[in-house]
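# Understanding the architecture of this molecule
Below are the chains, spelled out letter by letter.
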Amino acid sequence: MDAAALRSALLAWYDVQARTLPWRVGPHERAPGVKPDPYRVWLSEVMLQQTTVPHAAPYFLEFTHRWPTVSDLAAAPDAEVMAAWAGLGYYARARNLLACARAVAAEHGGVFPDTEAGLLALPGVGPYTAAAVAAIAFDRPANVVDGNVERVTARLFAVEEPLPAAKPQLKALAGGLVRDGRPGDWAQALMDLGAVICKPKTPLCERCPVAAHCAALRTGAPEAYPRRSAKARRPHRYGIAYVLTRGEEVALVRRPPEGLLGGMLALPTSDWREAPWSLAEALAAAPAPADWREVGEVEHGFTHFTLSLRLLRAEGEGELAFHPRAALQGLPSVFLKAARAGLNGLI
DNA sequence: GAATCGTGGCT
DNA sequence: TAGCCAAGATT
C-alpha cells in the first residue's frame, strides 16, 4: 500500500469533486485555513448519524435559521426542539443535542472544546462525531471512521473478517492513512468517495480515483466487501393508536423521556406486543370512554421490529391534552402517518 | 459483545 | 415486495 500516492490521489479528487453541502464552506470560500463554524459541524454530524444527506439537509437549514448559535439552541424550550426534530428519527439524538448545547453554553462559555477528548465527553458525541468535529472544525489529525470509511477501507485492503467483528481492524487500517496535513479534507474525501463512488451495492470503480490502490477490485468482486455476518430477522408487533378529536383538535400525549420515541409528542396508544389485539381488548385499553370506531390500520418499520397499528377514532372529551391539528407536524412519522390515516377515516 | 433506537429511499 | 442501508451513541 503506497499511502502517500493514495492520499494524494484522493485529495486531488476531493479538490475537484467535493459535494457542496449546507454545512460545508462554500466552494468560493474554500482556502487553506478556512474552517467551518464548529457549531454547524457538530449539528450536521449529529443529524447525519445513521441518516442520509437529503433527509438531514432541510432540518439543518431549519435549525441553523431558528438557532444560529449553540447558545441560542441551549436556550430553546425542549418541546420546540423535539418538535423541530420530528421526522428525523433516533430521538435520543435530539435529547442529547439539547443536553450537549446546554453543556457547551454553561460549562464551556458557549465555545466547543477543540480536542477530540474534550468533544468526546459531551452528551451524544461518540467516537465518530468527536473525531469528525476535531478534524473538520479544528484541523486535528483524528481518525474519522463511519460506515463509509469502513466500507472504503475494507475494499482497499480486501479485509475478509466480517462486520461488525472487523470494526477494530478497519479502524486501525484507516488510522494508518491519517496524516497531519488536511485532516478535515481527508475525512470528508473518504466519506464523499464512499457516498458517491464506493457505494455499497454498485461501486463505480471505473470512476474511482484510488482504484489502482484497491485490493478488493483486484479480487474481481469489490461489491462483496465489506463482508457481513447474517442479521437476525425483525419480529412483528401489534398495537392500537387512538385518535380522539374534539372539534378541530386532537388528543396527544408526551411519551416518557427514555426508550422508543422518548420525549416526543404522540397519539395515545396501547402497549405494542407480539400478539394481535381483539377489538374488545382495544376498547378496554382506550385512554377515555367514548364511542370508538375502527377506522384503519397502518404499518410502520422500526429498526428492530415492524409494527401494525390499528386505528380507533372517536369524538369526545377526556382527561387528555388537546392540540390543534398543526401540532401533528411535531409528531414522529409513525404517529403522523397514523393520525392522517385516522382523521381521513381510511377503510 | 449485543440490544436498543427511526426514517425513507433504493434495489 | 421486502430487505438493505445511511456521516452512530448509549447501555
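Just so we're clear, the structure is a prediction, and the values are computed from it rather than from any experiment.

### A few points about the nonpolar core
- Ranked by internal contacts, the top residues of the largest apolar core, which has 106 residues, are W42, F63 and F112.
- If one sorts the elements of this core by residue count, helix α8 (residues 127-138) sits on top with 10 residues.
- Once residues lying within four places of it in the same chain are set aside, the contact partners of F63 are Y39, L43, M47, L73, V81, A84, W85 and L97.
- If you look at the next biggest cluster of nonpolar residues, it comprises 12 residues, including L244, A251, A288 and F322.

### Topic: the protein's contact with DNA strand C
- Of all residues adjacent to DNA strand C, which total 26 residues, the nearest are E45, G124, D146, N148 and R151.
- Among the atoms of DNA strand C lying within 4 Å of the protein, the sugar-phosphate backbone contributes 68%.
- Between DNA strand C and Q50 there is a distance of 2.9 Å, counted from a phosphate oxygen to a backbone nitrogen or oxygen.
- Between a phosphate oxygen of DNA strand C and a main-chain N or O atom of G126, the distance comes to 3.0 Å.
- For the surface near DNA strand C, the secondary structure elements donating two or more residues are α8 and α9 (147-156).
- Its residues assigned to classes, the surface near DNA strand C shows nine nonpolar, nine polar and eight charged.

### A few points about the protein's contact with DNA strand B
- The immediate surroundings of DNA strand B are formed by 19 residues, with Y91, L261, H300, T303 and S333 found nearest.
- Counting only atoms of DNA strand B within 4 Å of the protein, the sugar-phosphate share comes to 60%.
- One nitrogen or oxygen atom from the main chain of S333 is found 2.6 Å from a phosphate oxygen belonging to DNA strand B.
- Its residues placed into classes, the surface near DNA strand B shows eight nonpolar, 11 polar and no charged.

### With respect to helix α3 (residues 53-66)
- Across its 14 residues, α3 extends 20 Å between first and last C-alpha, which sits within 8% of the 20 Å expected from 1.5 Å per residue.
- Those residues of α3 not exposed but buried are A56, A57, Y59, F60, F63 and T64.
- The inward-facing, buried residues of α3 abut α2 (38-47), α4 (70-74), α5 (78-85) and α6 (92-107).

### Considering the pairing of strand β5 (residues 306-315)
- For β5, a buried count of eight out of 10 residues is recorded, marking the element as mostly surrounded by other parts of the structure.
- In the sheet, strand β4 (residues 293-301) pairs with β5 via eight bridges, with the strands oriented antiparallel. Across the sheet, E294 pairs through a bridge with L312, a residue of β5.
- Taking the residues between adjacent antiparallel strands as the criterion, β4 and β5 are bridged by four residues.

### Remarks on the UniProt feature "domain: HhH-GPD" (unreviewed entry) in chain A
- According to UniProt, the "domain: HhH-GPD" (unreviewed entry) feature falls on residues 47-196.
- Helix makes up 63% of residues 47-196 and strand 0%. Its end C-alpha atoms lie 19 Å apart.

### A few points about the domain arrangement of chain A
- As far as domains go, chain A holds domain 1 (3-224) and domain 2 (236-344).
- Between domain 1 and domain 2, the C-alpha centre-to-centre distance is 36 Å.
- At the junction of the two partners, domain 1 supplies eight residues and domain 2 supplies 14 residues.
- Buried surface at the junction of domain 1 and domain 2, both sides included, amounts to about 720 Å², of which 55% is carbon and sulfur.
- When the buried area of domain 1 at its contact with domain 2 is split by residue, M82, Y91 and R95 rank highest and sum to 57% of it.

### Points about the state of the cysteines
- Under the counting rule described, the total for this entry stands at zero disulfides.
- In this structure C208 is a free cysteine whose sulfur lies 6.3 Å from that of C198, the closest cysteine sulfur available.
- Owing to a relative accessible area of 18%, C208 belongs among the buried residues under this scheme.

About the thresholds
Residues numbered from 1 in each chain as written. Chains lettered and ligands numbered in written order. Predicted model: local features only at pLDDT ≥ 70, side-chain atom pairs only at ≥ 80, totals over all residues. Heavy atoms only, no water. Core = buried A, V, L, I, M, F, W, Y, C linked by side-chain atoms within 4.5 Å. Buried < 20%, exposed > 50% of the residue type's maximum accessible area, 1.4 Å probe, protein only. Helix = DSSP H or I, 4+ residues; strand = E, 2+ residues; numbered from the N terminus. Contact = heavy atoms within 4.5 Å. Near = heavy atom within 4 Å. Polar contact = N/O pair within 3.5 Å; in protein donor to acceptor, adjacent residues only side chain to side chain. Nonpolar A, V, L, I, M, F, W, Y, C, P; charged D, E, K, R; others polar. Expected span 1.5 Å × (residues − 1). Pairing = 2+ DSSP bridges. UniProt positions renumbered as here; feature names shortened; annotations may be inferred. Domains from an automatic or database assignment. Buried area = accessible area lost by both parts, 1.4 Å probe. Disulfide = S-S within 2.5 Å.

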